[in-house]
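Examination of the molecular architecture
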Amino acid sequence: MEKGMQTGETEMAVLSESFLTMTENLQELSGQLLLLQDSEPVLQALQLCTSALDNSQAAVTALQHYDRLRQRLEHVLLGLQNMLQLLQRPEDCRRSGEWKKLREEIRSRYTMESEKIVFDAILQGKSVAQAIELAGSQEQADSTNNDIELF
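Computed from a predicted structure; not experimentally measured.

Quick word on the packing of helix H1 (residues 2–35) against helix H2 (residues 40–87)
Where H1 contacts H2, the axes come no closer than 9 Å and their chain directions differ by 160 degrees. Here H1 lies roughly antiparallel to H2, going by the angle between them. For the pair H1 and H2, the sense of crossing is left-handed. Here the contact of H1 with H2 is built from residues that sort into 21 nonpolar, seven polar and four charged.

See below:
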């Protein structure tokens, strides 16, 4: 899992840089086209630049969603590593305080409220599907309130 995330991170960095450069080039091209005399070919070229910029923005948004997924996977991986360390110490496995400490460490890593909602719901005995649905309902409510969650 960790190796896959590292590989994905490298590829996503290349994609991000490519889209940033492409966006800057398209903005420069649009600026240059605006300096030209109004003509049908110039207007068509400007429309193509606008369309390409819109597509570029959609790609950047998709990359942001991928980054959010990567962060979630990273949290899972860290939680599994911590649990493995705890399980390797049988004397600690028998102490409920160690399990509570592990849960608190895992929860403290979550930066998005939706992640905390899922984590808390699962600890309360809800199924994964119910927890995800609960978080989705919260995200839906936040989006109708125009709340923005930075991650």
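Quick look at H1
With 34 residues, H1 extends 50 Å from end C-alpha to end C-alpha; this agrees with the ideal 50 Å at 1.5 Å per step. Those residues of H1 not exposed but buried are Met5, Gly8, Met12, Phe19, Thr23, Leu26, Ser30 and Leu33. Tucked inside the fold, the buried residues of H1 contact H2.

Structural notes on a nonpolar patch on the surface
Among the surface-exposed residues, Val76, Leu80, Met83 and Leu87 lie close enough to one another that they form a single nonpolar patch of about 320 Å² accessible area. Position of Met83 relative to the elements: it lies in helix H2.

Parameters and conventions
- Throughout, residues of each chain are indexed from 1 in the direction in which the sequence is written.
- With pLDDT at 70 or above as the cut-off, local features in this predicted model cover only qualifying residues; side-chain atom pairs require 80 or more to be listed or tallied, and sums for whole chains, interfaces and linings still use all residues.
- The basis for every side-chain value is the complete set of non-hydrogen atoms in the structure, without hydrogens or water.
- Simply put, an axis is a line fit to the C-alpha atoms, just over the touching stretch for a helix, and the angle between two N-to-C directions goes from 0 to 180 degrees.
- Here a strand is any run of E in DSSP of at least two residues, a helix any run of H or I of at least four, and the numbering for each starts at the N terminus.
- Angles below 35 degrees are treated as roughly parallel, those above 145 as roughly antiparallel, those between 65 and 115 as roughly perpendicular, and all remaining angles as oblique.
- Handedness of a crossing follows from how the near helix is turned relative to the far one, being left-handed for an anticlockwise turn of less than a right angle and right-handed for a clockwise one.
- We call Asp, Glu, Lys and Arg charged. Ala, Val, Leu, Ile, Met, Phe, Trp, Tyr, Cys and Pro are nonpolar, and the rest, Gly among them, are polar.
- By this rule the span expected of a helix is its residue count minus one, scaled by 1.5 Å.
- Three labels apply to residues, based on accessible area from a 1.4 Å probe with only protein chains included: buried if under 20% of the type maximum, exposed if over 50%, partly exposed otherwise in between.
- Here, residues are in contact when the closest pair of their heavy atoms is within 4.5 Å.
- Within this analysis, patches are made of residues with over 30% relative accessible area and no salt bridge. Like charges are joined at 9 Å or less; nonpolar side chains (Val, Leu, Ile, Met, Phe, Trp, Tyr) at 5 Å or less.
- Computed with the Shrake-Rupley method and a 1.4 Å probe, the accessible areas treat only the protein chains shown as cover for residues.
- Put simply, a salt bridge is a Lys or Arg side-chain nitrogen that is within 4 Å of an Asp or Glu carboxyl oxygen.

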